[in-house]
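Analysis of the macromolecular model
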Amino acid sequence: MIDAFLLSFGQLSDRRILSLLLKVFIISLLLLAVFGVGAYFLLAWILSLTALNDGGWWAAAAAAIITALTAIFLFRVIAIFVLNIFSDDIVDAVEAQHYPSRAELAKPPGYVLGVKMGLASVGRAIGYNLLASPIYIMLLITGIGAPIAFFAVNAILIGRDLQDMVAARHVSDVAQMDDTWRISKVTRFGLGLTTALLLAVPIVNFLAPVLGAAMATHLVHKKRETGLEESN
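Residues numbered from 1 in each chain as written. Predicted model: local features only at pLDDT ≥ 70, side-chain atom pairs only at ≥ 80, totals over all residues. Heavy atoms only, no water.

What follows covers the overall build of the protein chain. For the protein chain, the helix and strand inventory stands at nine helices and zero strands. Ordered by position from the N terminus, the helices and strands of the protein chain form the series α-α-α-α-α-α-α-α-α. Look at the contacts in the protein chain between residues 6 or more apart in sequence, and 76% of them connect residues 24 or more apart. Surface accessibility of the protein chain: about 12700 Å² in total, with carbon and sulfur atoms responsible for 72%. (Helix = DSSP H or I, 4+ residues; strand = E, 2+ residues; numbered from the N terminus. Contact = heavy atoms within 4.5 Å. Areas by Shrake-Rupley, 256 points an atom, 1.4 Å probe, with all protein chains shown as cover.)

Let's shift gears to the packing of aromatic side chains. Throughout the structure, instances matching the rule amount to three aromatic pairs. Seen from their ring centres, Tyr136 and Phe150 are 5.9 Å apart, and the 65 degrees between their planes marks the pair as edge-to-face. One end of the pair, Tyr136, is in helix α6 (residues 110-138); the other, Phe150, is in helix α7 (residues 145-167), with 14 residues separating them in the sequence. Residue Phe150 is classed as partly exposed on the basis of its relative accessible area, which comes to 30%. Grouped by ring-pair contacts, the aromatic residues Tyr136, Phe150 and Phe151 constitute a single cluster. (Phe/Tyr/Trp six-rings, centres within 6.5 Å; stacked < 30°, edge-to-face > 60°. Buried < 20%, exposed > 50% of the residue type's maximum accessible area, 1.4 Å probe, protein only.)

Our focus in this paragraph is the pattern of salt bridges. On inspection of all chains with the given rule, the structure shows seven salt bridges. With a shortest N-O distance of 3.2 Å, Asp92 and Arg169 are connected by a salt bridge. Note that Asp92 is positioned in helix α4 (residues 75-98) and Arg169 in the loop between α7 and α8 (185-199), a separation of 77 residues in sequence. Comparing Asp92 with Arg169, the two get one shared label, buried. Here Glu95 and Arg169 are joined by a salt bridge, their closest N and O atoms 2.7 Å apart. (Salt bridge = Lys/Arg side-chain N within 4 Å of Asp/Glu carboxyl O.)

A few words now on the confidence of the model for the protein chain. Across the protein chain, pLDDT averages 82, with 89% of residues at or above 70. Across the protein chain, element-level confidence peaks in α8 with a mean pLDDT of 92 and bottoms out in helix α3 (residues 55-73) with 68. (pLDDT = per-residue confidence, 0-100.)

As a further point, take α4. Taking 1.5 Å per residue, 24 residues should reach 34 Å; α4 reaches only 30 Å between its end C-alpha atoms and comes up short. At Phe86, α4 shows its maximal kink, close to 65 degrees. Counting buried residues in α4 gives 20 out of 24 residues, a clear majority hidden from the surface. (Expected span 1.5 Å × (residues − 1). Bend = angle between axes of the 7 residues up to and from the residue.)

Below is the structure:
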């Protein structure tokens, strides 16, 4: 895990990865902006149905607060969704530098599959976190229990998403891929937890998805190489 992180961090200066970072940053901000504008018009319409005067100011303030909270709590969902669309760029960059033989055999999944995987990721993130919300609420009294549970749940989800981004370039159906493309549950959890923690740090959170995808690429290929050597 440490080697994967250091290798990934060292490749951040790669022009292709810098380009992807810029894409993730800009598109994530645009999605948040669209969400904020949509929230404003919806709230303005709702307030216009009430007797509240100057509803536009109230709507603008409420929309700004909602957008800020969304950016804080749902940035990981947005970033992973955007990363899924362009994941082939970073995985290809890492494979080209460190695993050229695998890069030559890879078949880019395309943007349609990327969007499909991104939407599936969003659905899992929202669904599992909603299911876990009663646990989060019950653990609030412990002070630290709720954040630990939140990061644990999302570590599992993020680890799976990142692993699948890599495998999608090499298998026809991610759901049916063999175990040689799957990293262990413990490693996958560690990958997801590292990425989730980085996503919680302001400014660093824009690097987190790309670092996570690069780390996943190293972990998947190292595991596969080890597995093939053992089988021989």
